[in-house]
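Report on the structure
What follows is the residue order along each chain.
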Amino acid sequence: MSVRFEYRPYRASFRQPLLTAHGVWAEREGIIVRLLDDAGRESLGEIAPLPDWGTETFASALAFCSALPRQLDEQAARTVPDALPCCQFALETAWETLQRPDHPAPVRTLPMATLLPAGAGAVAAAARATARGFTTMKWKVGVGPAATELALLPRVLEQLPAGGQLRLDANGAWDLPTARLWLEACADRPVEFIEQPFPVGQEEPVISLANEFATRIALDESVAVRANLLRWLEFGWPGIYVIKPSLAGSPRRLLHLLDGYEAEAVFSSAFETAVGLRAALQLVARAPGNGRAVGFGTIGCFADERLNLPDPGPTLSTKWLARQAPGPLWEHLSTVPRAA
Ligand SMILES: [Mg+2]
């Protein structure tokens, strides 16, 4: 059976520019793909590349889409090259949704982590998140001077509810002495884990630190694409794996891989629209649960509300997700001329 393939690119501003260890990030580009069958049913998929994380670029994803035939069969939808992991994710999830509309994600209620802004604003944001019922919060660090952020740590932690936990995400900004300072500061405090202390390619000290300190360490950027994930799985990384499904290629192969290695995964979003978020969350619902909150604090990140999934609050049920009908997102995007 073959289906009609269409695609529309988007460029969208964030509600608030994101301040990370890599600088200010104000907008993202992606592509929405649409599959239509002869019965008039349709499904959407999202290509949301983050080339700094090792995925294809927006330009290469666009070139791939423009070269695809207008009619696709299952073989074409399932054999997107590994060099295009975001395209692989979009086409496989769109294909699955179209072929098996009666096979939604299992009924699950997922605890959600919320994202705190970098710097002193995290204190008030943590208090607001506690008032809304969140118990797991992630704070971006490595943005300002370490001494300033370390001084803020107790103040942020004070805002957490009883039993609450804080995740720290350094986005690869630390060196070894800084990482040691933080790990010492986190001892005996409710810090669930420290995420990506060192840049990709310079992670080696995490191995000894993971043995030396009780606070868990998670890898995120280091395991974003399949080849790197496989390398750390093979190595037997004893920490946590932060997995961004929309960057990780085929969902079917990803779940198989994580299951095969019994990896302790925390799933996370990558600034997708409602289309990519829905597909990623359906994958999370299929993965074995480990009680850790899901890192989808980017929900609602776009200034244009038509692109956003509604804010689910501190928990997300897959029943609720299934009720979120796709809005007029496809119609809102404009077409691009196809390459000859
Ligand atoms: Mg991270």
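Residues numbered from 1 in each chain as written. Predicted model: local features only at pLDDT ≥ 70, side-chain atom pairs only at ≥ 80, totals over all residues. Heavy atoms only, no water.

With respect to the coordination of the magnesium ion
- The magnesium ion binds to the protein through D169 (OD), E195 (OE) and D220 (OD); the donor distances cover 2.1 to 2.3 Å.
- Each donor residue of the magnesium ion lies on one chain, and together they are spaced D-x25-E-x24-D. With D169 in strand β8 (residues 165-169) and E195 in strand β9 (residues 191-195), this pair connects stretches of sequence that are 26 residues apart.
- The class of D169 is buried, set by a relative accessible area of 0%.
- For E195, a relative accessible area of 2% translates into the label buried. (Donors = N, O, S within 2.8 Å, 3.2 Å for Na, K, Ca; no water. Helix = DSSP H or I, 4+ residues; strand = E, 2+ residues; numbered from the N terminus. Buried < 20%, exposed > 50% of the residue type's maximum accessible area, 1.4 Å probe, protein only.)

What about the pairing of β9?
- Across the five residues that make up β9, a large majority, five, are buried.
- Strand direction decides the pairing type here: β8 and β9, joined by four bridges, are parallel. Residue pairing in the sheet places L168 in a bridge with I194 of β9.
- Between β8 and its parallel partner β9, the chain crosses via helix α6 (residues 176-186), and the hand of that crossover is right-handed.
- In the classification by handedness, the crossover that spans β9, the intervening helix α7 (residues 205-212) and the parallel strand β10 (residues 216-219) is right-handed. (Pairing = 2+ DSSP bridges. Right-handed = clockwise from strand over helix to strand, strands pointing away.)

A closer look at a nonpolar patch on the surface
- A contiguous nonpolar surface patch, about 250 Å² in accessible area, is contributed by L19, V24 and V143.
- Classification of L19 as partly exposed rests on a relative accessible area of 44%. (Patch = residues over 30% accessible without salt bridge, like charges linked within 9 Å, V, L, I, M, F, W, Y side chains within 5 Å. Areas by Shrake-Rupley, 256 points an atom, 1.4 Å probe, with all protein chains shown as cover. Salt bridge = Lys/Arg side-chain N within 4 Å of Asp/Glu carboxyl O.)

Description of the nonpolar core
- By size, the foremost hydrophobic cluster in this structure holds 64 residues, and its most contacted members are W139, L166, L168 and F296.
- A per-element tally of this core places helix α10 (residues 274-286) first, with seven residues.
- Ranked by size, the runner-up nonpolar core spans 28 residues in total, among them W53, C65, A94 and L247. (Core = buried A, V, L, I, M, F, W, Y, C linked by side-chain atoms within 4.5 Å.)

So, helix α4 (residues 121-132)
- Taking 1.5 Å as the rise per residue, α4 with twelve residues should run 16 Å; its terminal C-alpha atoms sit 17 Å apart, in good agreement.
- For α4, the full list of buried residues reads A122, V123, A125, A126 and A129. Burial along α4 is one-sided: seen end-on, the buried residues are contained in an arc of 165°. In α4, the exposed positions angled more than 90 degrees off the buried face are occupied by R128 and A131.
- Summarising the contacts, the buried residues of α4 are in contact with β6 (114-116), β7 (136-140) and α5 (146-158).
- Just past α4, the residue G133 takes up positive phi, approximately 105°. (Expected span 1.5 Å × (residues − 1). Arc of directions from axis to C-beta. Contact = heavy atoms within 4.5 Å.)

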